[in-house]
Amino acid sequence: MNYREEYESWLHDGRLSQEEKNELLALEGNEKELEYRFGGELEFGTAGMRGIIGCGKNMMNVRTVMRASQGLAEYVKTLGGAAMARGVVISYDTRRNSRLFAEKSAQVLAKNGIKAYLFNEVHPVPMLSYAVRYLNTVAGVMITASHNPKEYNGYKVYGEDGAQMSPEATAIVVGFIEKITDYLCVTGENNANIVPVPKEVDETYIAALEKLTLSEEAVKKCGKDLKLVYTPVHGSGYVPVTTILKKLGINVTVVKEQTAEDTEFSTVAVPNPEFKETLAMGIALANQIHADVVFGTDPDSDRLGVAVKDDRGEFVALSGNQVGILLLDYILTRLKEDGCLPKNAAVVKSFVTTGMAKAICDDFGVALYETPVGFKFIGEKIKEWEQSGKHEYVFGFEESCGYLRGTHARDKDAVVASMLCAEMVCYYKYIGKTVYGRLQEIYKKYGYVLDKNVSVQYAGLNAMKEMNAVVDALKTVSVEKIGNMAVQAVRDYSASVRRTAAGKEEKLDIPKCNCVYYELEGGSFVCVRPSGTEPKLKIYYSVREKDEPSAQAALESAKKSVEALLNRLK
């Protein structure tokens, strides 16, 4: 059927609610919108599915959520009765319809004879990941669209290790989902199989985080006098973040207006703590009370944004790369000072994350591994090393404000990151330094690295296809220089191949993804990839120079070069 026929089929189906019918009737005559909603299907990829909320096959709604849950149920049933009894745990954040989608997911699983653990209130991604492991469930579901605008919601699936489901298992789930061509046929209930998540999950999660503290003496000395402002940006981080900070005796002041579970995120343009604008109310409060630091978490509390005072006493928002650098340096420093740095210690980062990580890890004699974008790949490394004993995981991070210390969870954890950043502030205060001052010391020691991400927005049904076509076209073009920097090698991650400027070719031992990565002289790089969760082509720049002015100049030159290259490919 074409999109018009699909629309008519849904509109006149007696199983559709009156509310859904009214929504569809209001779209009559808007062919562009109807084509978007019914001309394709909401894709279920390795990060689950994410889309705009609304009625239709290509939207986030109870029909697409229940269809996905039925596909997951079919997969769990193939694992046998023991797996069905272990069950699936479901959490959700503060977005539109998140609770409803979570309940519908639980009902579908329950009707299929699968135990469904359901949190009775919002809980963040890291606590869902932890709950999968603590409750020994066979899978987990998180209803969230992370940091996306308010119009979005999403459905993320986790494997039994607490990491996002592997590509192999996801492919099986997708196969079952695709067999369900009638979106309105899936039903659910059997509430006897739906059980609440035990309260002890919350308590043991906080206890697990307490074991990861690194500067007890500094926190004891400076924590009660620290002025820390925190905003959950209307999300699920409010309770766990304030709980762990207060547990450690760290003084925290919250932005009261942003503690409300507001589905519209009405105090911010976008609930993404990567942007300084999202931290604006926190910074305003911090200036009012003369605070030391500002934290902000996104709706599902897997990302942490941080603002600190510079040498002039003004708040500057740190990038995800800068927070990652600071945490990496702090964790390795404290472990080494206490004689606790494992001989086989290893750090993991995505390959688009700052090149500064290598310099720091090399200095500490710690192994550094790179993965594709997506924290599930970092989770896979943790699992691999637990089984092999080759390395002991000490830290993992991504440039998109995602960090994890500890193995209690297998996804980004803004709660433990908040704890570590707070005690890091205490530690530097304890030894007479500042966080900003330490960042400048790092630059002075290892060289200045400027990291910048640029997103090119796409729209429409063919957005993903168009973005992938751009990346595919890049693979066919020979690029000798980007800006004033020579290209030393090109990595084609879709073919797992690295080709040097001299023509030498070698295989890359890393999961495949559609991405082109240019290694530039001096340790700089440029990487181009389509986002897996948003209609954006993402371009990552990491420029290493002797100082900030030189890096800024090199960055601008590189950006112009890449823009010209992309324009030639149109």
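For the structure itself, consult the block above.
Residues numbered from 1 in each chain as written. Predicted model: local features only at pLDDT ≥ 70, side-chain atom pairs only at ≥ 80, totals over all residues. Heavy atoms only, no water.

Asker: I would appreciate a short explanation of the environment of I442 in the present structure.
Answerer: Within the secondary structure, I442 sits in helix α17 (residues 435-446). Overall, I442 belongs to the buried group, its relative accessible area being 0%. With 116 residues separating them along the chain, I442 and L326 place their C-alpha atoms 8.4 Å apart. Once residues within four sequence positions are removed from consideration, I442 is found in contact with I325, L326, D329, M356, I360 and G447. (Helix = DSSP H or I, 4+ residues; strand = E, 2+ residues; numbered from the N terminus. Buried < 20%, exposed > 50% of the residue type's maximum accessible area, 1.4 Å probe, protein only. Contact = heavy atoms within 4.5 Å.)

Asker: Sorry, what's going on with the pairing of strand β22 (residues 525-530) here?
Answerer: The two faces of a sheet get side chains in turn, since along a regular strand they alternate between them. Of all six residues that make up β22, six are buried, and the element is covered over most of its length. Judged by which residues are buried, β22 turns out to be covered on both faces: F525, C527 and R529 on one side and V526, V528 and P530 on the other are all buried. Connecting strand β21 (residues 516-520) to the antiparallel partner β22 that follows it, the hairpin turn spans four residues, and G522 within it adopts a positive phi of roughly 80°. As paired elements, β22 and strand β23 (residues 536-545) share six bridges and run antiparallel to each other. Pairing of V528 across the sheet is with I539, part of β23. (Pairing = 2+ DSSP bridges.)

Asker: Please clarify how the packing of aromatic side chains should be interpreted in this entry.
Answerer: Under the counting rule described, the total for this entry stands at 16 aromatic pairs. Grouping aromatic residues by their ring pairs yields a cluster made of Y7, W10, F38 and Y183. Looking at R491, its charged tip hangs above the ring of Y517, at a distance of 3.9 Å from the centre. (Phe/Tyr/Trp six-rings, centres within 6.5 Å; stacked < 30°, edge-to-face > 60°. Lys NZ or Arg CZ within 6 Å of the ring centre and 35° of its normal.)

Asker: What's the story with the packing of helix α13 (residues 320-337) against helix α14 (residues 356-364) in this structure? I'm lost.
Answerer: Two quantities define a packed helix pair, namely the angle between the helix axes and the distance between the axes. Orientation of α13 relative to α14, taken along the N-to-C sense of each, is 5°, at an axis distance of 10 Å. Viewed along their axes, α13 and α14 adopt a mutual orientation that is roughly parallel. Touching I325, L328, D329, L332, T333 and K336 of α13 are M356, A357, I360, C361 and F364, all from α14. (Axes fitted to C-alpha atoms, helices over the stretch in contact; angles between N-to-C directions. Parallel < 35°, antiparallel > 145°, perpendicular 65-115°, else oblique.)

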